[in-house]
Amino acid sequence: ESSTAESFNAADYLVGRRLAAGDGDRVAVRAPSRTLTYAELDTEIGRVAAGLAALGVQPEQRVVLCMVDEVELFAGILATMRLGAVAVPVSTMLRGPELAVLVADSRTRLLLCSATFADTARVAVPEALARGGDVAEVVVTGDDPTGFGTGVGVRTWDEMLAAGEALGGAPPAYDTWDESQALWLYTSGTTGKPKAAMHRHADIRTVCETYGRQVLGIRPDDLCLSVAKLFFAYGIGNSMFFPLSVGAAAVLEPSRPSPALLAELVSRHGVTMFFGTPSSYGPLLAAGEAGQIDPGAFATVRRGVSAGEALPARMVNGMRERFGVEVLDGIGSTEALHIYLSNRPGEVAPGTSGVPVPGYDVEIRGSDGRPVPDGETGTLYVRGDSICTGYWCRTATNRLVFEGEWLRTGDTYVRNPDGTYTCLGRTDDVLKVGGIWVTPAEVEERLVAHPSVGEVVVVAVPDADGLDLPVACVVPREGHTVDEPALVAWCREGLASFKRPRHVLAIDDVPRTATGKVQRFRLRELAAE
Ligand code: 3SK
């Protein structure tokens, strides 16, 4: 079979096409350091691309970026794509040894990092080399690029830009195909083993034309703010792909903003599209209830979005009642690049993930692999054009997760009579207690309605006989403590008794993956101690 690939470059689709459409003077990105129009962004991408080329970056090679949400990361990702190389933005929450694994696994030659993460990279680089990695050059923002050990070239961001200028400025864009690799995103999933989901240039156009255009209805006058950072699939869609695809703009915030700062950013910039997660809507509502956020703070927001995990109905209702924001809850994945099941504007069904996004098909399959009827639970499968081409160098996992056109999501879902879909947790999380299936989500919903409970995750812990028992891991609300007998009694009152947690564990924080999913395996380990 000969290739039917066409010339297509996502950086050109997102920026070059806007210049051609006459949007050069429109604002593309607002960051604390500076605001750039589309024309200025294009120039910045050219400068960074020249610098990358001067350091020897070739088409198809990977470039790892461990950077805060700022202009350098934004331009760095787009410059890498323009050169036909593969952008690999990685979590800034990683510790040195964790970053070393990704640097070595991706076989990147070049690591770009923000000054803030230089210490992490100083540990990661020698360790990646010891693991047989190919890293040869490190570029750090700021002016202290020392201490990365021998065997690598090290320079500042400005030195990289100067090297590009000395070489004659912006190189011509590489003639990538729609099928060429553009973006790898590492996902640790719930098993804790990181793997890179490989996305093509075409996948980026697909998510813009499906979810971005047909569900969000993004327009040139929109201004986007995302709690999820650019290194998340959710974040890069929200802050880069969707706004740039229509000539709109994004606000970048390098820090992990408090609820008060989020509200302040929204009102200061006049944000119209706000992208959060359940773990940010919870504290926002709590701050609102405590009178710390003005009810009018979100008055400019015409769309709220949530993803990462199911948004409890009380938060959907709370955001509407307190701040007048309709939140579209949806579910996506790093493998699908963005959201494929979503609530629609004006048709929100709280507590559900809504209906399939145009361009995607979903199926709920039982343990025999066949689709189940409405009302029965099963594993969610999805197909659509933005599904990644697979995980880099993970053949065994690829054979389990990708079944022809279909992606096995590992989430347990049910289709409701009205056609909406409800998430019941991860397929592997469903417990069998005394021979009866118990979904953690049901017990969690009961517990979170107790006034002392902030967040809760229910996991299965085997008893002495190896039989699963539900254990509730509870983060108490501020000013409350965890009262085990009271919470067990609360569950007995509202649920069939067999579903009650057999033990309640107080925790400070819910551990999450880089994409915001609860790491149940960590809590299982903790609860089993
Ligand atoms: O977890 C999700 O729901 C999600 C949504 C969009 C993009 C990526 C992810 C993981």
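Structure report, in brief. (Residues numbered from 1 in each chain as written. Predicted model: local features only at pLDDT ≥ 70, side-chain atom pairs only at ≥ 80, totals over all residues. Heavy atoms only, no water.)

Quick word on the overall build of the chain
Phase 1: A tally of helices and strands in the chain yields 15 helices and 26 strands.
Phase 2: A compact globule built from 529 residues should have a C-alpha radius of gyration of about 24 Å, and the chain, at 23 Å, falls within 12% of that.
Phase 3: Dimensions of the chain, computed from the C-alpha atoms along their principal axes, are close to 75 × 55 × 50 Å.
Phase 4: Classification of the 529 residues of the chain by burial places 57% in the buried group.
Phase 5: Across the chain, every contact between residues at least 6 apart in sequence was considered, and the portion connecting residues at least 24 apart equals 67%.
Phase 6: About 21200 Å² of surface is accessible on the chain, with carbon and sulfur atoms providing 49% of the total.
Phase 7: Side-chain charges of the chain comprise 49 positive and 67 negative groups, with the mean position of each set lying 2 Å from the other. (Helix = DSSP H or I, 4+ residues; strand = E, 2+ residues; numbered from the N terminus. Rg over C-alpha atoms; globule rule 2.2 N^0.38 Å. Buried < 20%, exposed > 50% of the residue type's maximum accessible area, 1.4 Å probe, protein only. Contact = heavy atoms within 4.5 Å. Areas by Shrake-Rupley, 256 points an atom, 1.4 Å probe, with all protein chains shown as cover. Lys, Arg positive; Asp, Glu negative; His and termini not counted. Charge placed at Lys NZ, Arg CZ, Asp CG, Glu CD.)

A word on helix 14 (residues 484-494)
Phase 1: Regarding helix 14, the residues found buried are L487, V488 and C491. Seen from one end, helix 14 has its buried residues packed into an arc of 100 degrees, which puts them on one side. Exposed residues pointing more than 90 degrees away from the buried face of helix 14 are listed as P485 and E493.
Phase 2: Buried positions along helix 14 lie against helix 13 (440-448), strand 24 (453-462), strand 25 (468-476) and strand 26 (503-506). (Arc of directions from axis to C-beta.)

Re the sheet that holds strand 24
Phase 1: Strand order in the open sheet formed by three strands is 24-25-26, with mixed pairing between adjacent strands. Where the open sheet ends on each side, the last strands, each with one partner, are strand 24 and strand 26. For this sheet the average axis-to-axis angle between neighbouring strands, irrespective of direction, equals 25 degrees.
Phase 2: Strand contacts of helix 13: strand 24 and strand 25, with the helix running at about 145 degrees to strand 24, the strand carrying the most contacts.
Phase 3: Packing of helix 14 onto the sheet brings it into contact with strand 24, strand 25 and strand 26, and relative to strand 26 it is tilted by some 130 degrees. (Pairing = 2+ DSSP bridges. Axes fitted to C-alpha atoms, helices over the stretch in contact; angles between N-to-C directions.)

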